[in-house]
Every structure is written in structure tokens, then in C-alpha cells.
Amino acid sequence: MSDLPTNSLSKVLHGESATLAFAASMAPLLTSGGLIFLQGTLGAGKTAFSRGLIQAMGHQGPVKSPTYTLVEDYPLANTHVYHFDLYRLGDPEELEFMGIRDYIDGDSLCLIEWPDKGQGVLPAADLTIELQDLGESRRIILTAASSRAELWLQQLAANDADLQAFSSGGAD
Ligand SMILES: Nc1ncnc2c1ncn2[C@@H]1O[C@H](COP(=O)(O)OP(=O)(O)O)[C@@H](O)[C@H]1O
Ligand SMILES: [Mg+2]
């Protein structure tokens, strides 16, 4: 176990403001884009996290949940962000019809809530972020599955002593 690379970090976030602040701390790392899956139950904080990140990347104004639109588009100064919520997706093939690959292949940052609904069509993520609802707080777990995401985690860990590192299988 101990010689597995460290590819996961976790932290408990107390209150929504902590979720927003943590998401904002990731913004400088993500300007060259990537694919991030956001997992967790309804109300776990996936959209709150996305809002903190998208606003910290320079979007002024609200970040609404893409539950009904499937995707919201944020053309920003440093990168293009696409925020997906696949909760209401009937069939993963709908993603093919909307040209999902054009969103993902490129330098844009794609945040995808409910990625399981797109299984079979979505490519593998660079990073999976899981939010666990602990009631008054949330546990966030970040798991890197690409070398660029491993670099993101290294930089986050270097700047935040509260982040606990551990190894989780399946991402090497
Ligand atoms: N760290 C936290 N501790 C407690 N409550 C939080 C935290 N982060 C977010 N919340 C709350 O959890 C809810 C998350 O809602 P939302 O982001 O829409 O969830 P999801 O997109 O996962 O369905 C909001 O009511 C928000 O205020
Ligand atoms: Mg949501």
C-alpha cells in the first residue's frame, strides 16, 4: 500500500463559505482546462463548489444550476468553462448528439455533475471530486486520474495543511 502514489486528498469543509473558498483556491490551477467529475448526493454541494470556482475564475454574476439546460457556458478571460448537470439526461447517447467531444477536447474546463448518467460516452476525468453530506459540514475528496491532476493535488496540498493525503486504487 505505502508505495502507491498519493492520488487523493480530503478535507472537511464547515459551511458553504468553506466550500466556496476551497473551490476558489483551485481556480489558479485550472486555467489550462481539464475534465472534472463532481459526485455526491442531491444537496451535497456540487453546484455550490462549481459556483465558487467559476466566480473565482472571473465570472461576475450568478452561476445557476444547469439541471434543466444540461450545460451552462462561461467564456472567461483565461479559459472557457462548461458546467454540466446530467441529472436529467435520459440516455448517454444524447451527449453524442450535442457534440460532447467538442466541449471536452480542447483547452476548456468542463465541470460535470452526475457524470454516471453519461457513462459509456464521457471520457475518463482528470479529477473526480466527491462531496459527502455530513449535515452541518461536507467532506470533499479529490482523486486524481491523470498526471496533470496529480500536479493540481500536489499544489493544493502544498498550500493547505488541512488537506489529508491518501492513496486510493484505480487511478494509476
Ligand atoms: N461545507 C458545507 N457545509 C454545510 N453546508 C454546505 C456546505 N457546502 C454547501 N452547503 C450547502 O449544501 C447545499 C448544496 O446545494 P447544491 O450545491 O445545489 O448541491 P448539489 O449541486 O450537490 O445538488 C446548499 O444548501 C449549501 O448551502
Ligand atoms: Mg447541482
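Computed from a predicted structure; not experimentally measured.

Draft legend 1. Up close: helix 1 (residues 16-26). Along helix 1, the residues that are buried comprise Thr19, Phe22, Ala23 and Met26. When helix 1 is viewed along its axis, its buried side chains cluster within an angular range of 100 degrees and face the same direction. In this structure, the buried residues of helix 1 make contact with strand 1 (8-14), helix 2 (46-56), strand 7 (137-144) and helix 5 (147-159).

Draft legend 2. Summary view of helix 2. Burial analysis of helix 2 places eight of its eleven residues in the buried class, which makes it a mostly covered element. Among the residues making up helix 2, those that are buried are Lys46, Ala48, Phe49, Ser50, Arg51, Gly52, Leu53 and Ile54. In the core, the buried residues of helix 2 are packed alongside helix 1, strand 2 (34-39), strand 3 (71-75), strand 4 (80-85), strand 5 (109-113) and strand 6 (127-133). In the segment just after helix 2, Gly58 is the residue with positive phi, at about 120 degrees.

Draft legend 3. Up close: the pairing of strand 4. Of all six residues making up strand 4, five are buried, and the element is well covered by its neighbours. Across five bridges, the pairing between strand 3 and strand 4 is antiparallel. Bridging across to strand 4, Asp73 finds its partner in Tyr82. Hairpin remark: strand 3 followed by strand 4, antiparallel, with four residues in the connecting loop.

Draft legend 4. Region of the structure containing the pairing of strand 5. With five of five residues buried, strand 5 is to be regarded as a mostly interior element. What you see with strand 5 is no split at all: Leu109, Leu111 and Glu113 on one side and Cys110 and Ile112 on the other are buried throughout. By the bridge criterion, five bridges tie strand 2 to strand 5 in an arrangement that is parallel. Looking at the pairing, Leu35 lines up with Cys110 of strand 5. Examined bridge by bridge, strand 4 and strand 5 share five bridges and lie parallel to one another. What sits directly across from Tyr82, in strand 5, is Cys110.

Draft legend 5. Region of interest: the sheet that holds strand 7. Read across the open sheet, the eight strands follow the order 3-4-5-2-6-7-1-8; overall the sheet is mixed. Since the sheet does not close on itself, it has two edges, and those belong to strand 3 and strand 8 (164-166), each with one partner. Within this sheet the neighbouring strands show an average axis-to-axis angle of 20 degrees, counted without direction. Taken together, the seven bridges between strand 1 and strand 7 define a ladder with antiparallel strand orientation. Residue His14 lies in a different strand from strand 7, and its bridge partner there is Ser137.

Cut-off values and rules
Each chain carries its own residue numbering, running from 1 in the written order of its sequence. Each chain takes a letter, starting from A, and each ligand takes a number, starting from 1, following the order in which they are written. Restriction of local features to residues with pLDDT of at least 70 applies here, the model being predicted, together with a cutoff of 80 or more for giving and counting side-chain atom pairs; totals for whole chains, interfaces and linings are based on all residues. Three exposure classes are used. Buried residues have 20 or more other C-beta atoms within 10 Å of their own C-beta, exposed residues have 12 or fewer, and partly exposed residues fall in between, all C-beta atoms being placed from the backbone. Think of it this way: any DSSP run of H or I at least four residues long counts as a helix, any run of E at least two long counts as a strand, and we number them from the N terminus. As used here, the arc belongs to the directions running from the helix axis to the C-beta atoms. Throughout, a residue-residue contact means that the two C-beta atoms, derived from backbone geometry, are no farther apart than 7 Å. Any two strands are treated as partners once DSSP identifies two or more bridges connecting them. To define axes, lines are fitted to C-alpha atoms, for helices over the stretch in contact only, and angles between the resulting N-to-C directions are given on a 0 to 180 degree scale.

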